[in-house]
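One letter stands for each residue in the lines below.
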Amino acid sequence: CEQVPTLRVLEEVLVNAPVSASYPQATMSVWGALESLFPSVQTEVTYRVAMYLTQLVRPADPLSYLKSVRSAYGQRSRIAHGSRSSRRDEIAAWQGAWMILCDATLAITRRGTLPTEEDLTREMLTRP
């Protein structure tokens, strides 16, 4: 966290989001931290953030994970734009965002660093 300020944001959200009194607010906080991992993403945000998170995490089933991240980001967008939702939907959005945050945090810990967007793109395009 000392060397990469973005990780300080991640740390603060990991500590504070679970105790938020509002599921929508906690969900938005988590997505703010996740988006901050990829500061140059300005266009095609849903797609690019999902791709980078999938590459960062390296799940066993990348396509399924990519779809789940895109779905969770869609829930985030509905919250951000004021769509009405049930308490059940708010909890589901929070749980989805929280799991992705935990996955990303564990991936960064395993890697020992936060790779840049260019590093992640290079990984995606490198054939084994």
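Residues numbered from 1 in each chain as written. Predicted model: local features only at pLDDT ≥ 70, side-chain atom pairs only at ≥ 80, totals over all residues. Heavy atoms only, no water.

1. Comments concerning the environment of Leu-56
Then comes step 1: Structurally, the position occupied by Leu-56 is in helix H3 (residues 45-57).
Then comes step 2: Separated by 55 residues in the primary sequence, Leu-56 and Arg-111 have C-alpha atoms spaced 8.9 Å apart.
Then comes step 3: Dropping the residues within four chain positions of it, Leu-56 is found in contact with Ala-104, Ala-107, Ile-108, Arg-111, Pro-115 and Leu-120. (Helix = DSSP H or I, 4+ residues; strand = E, 2+ residues; numbered from the N terminus. Contact = heavy atoms within 4.5 Å.)

2. Notes on the nonpolar core
Then comes step 1: Counting 32 residues, the largest nonpolar core has Val-30, Trp-31, Leu-34, Leu-37, Leu-53 and Ile-100 as its most contacted members.
Then comes step 2: Per element, the largest residue contribution to this core is 7 residues, and it comes from helix H5 (residues 87-111).
Then comes step 3: Leaving out residues up to four positions away in the same chain, Trp-31 has contacts with Val-49, Leu-53, Val-69, Ala-72, Tyr-73, Arg-76, Ala-97 and Ile-100. (Core = buried A, V, L, I, M, F, W, Y, C linked by side-chain atoms within 4.5 Å. Buried < 20%, exposed > 50% of the residue type's maximum accessible area, 1.4 Å probe, protein only.)

3. Digging into the side chain of Thr-105
Then comes step 1: Tracing the chain through its elements places Thr-105 in helix H5.
Then comes step 2: Judged by relative accessible area, which is 18%, Thr-105 ranks as buried.
Then comes step 3: In contact with Thr-105, not counting residues within four places along its chain, are Leu-10 and Leu-14.

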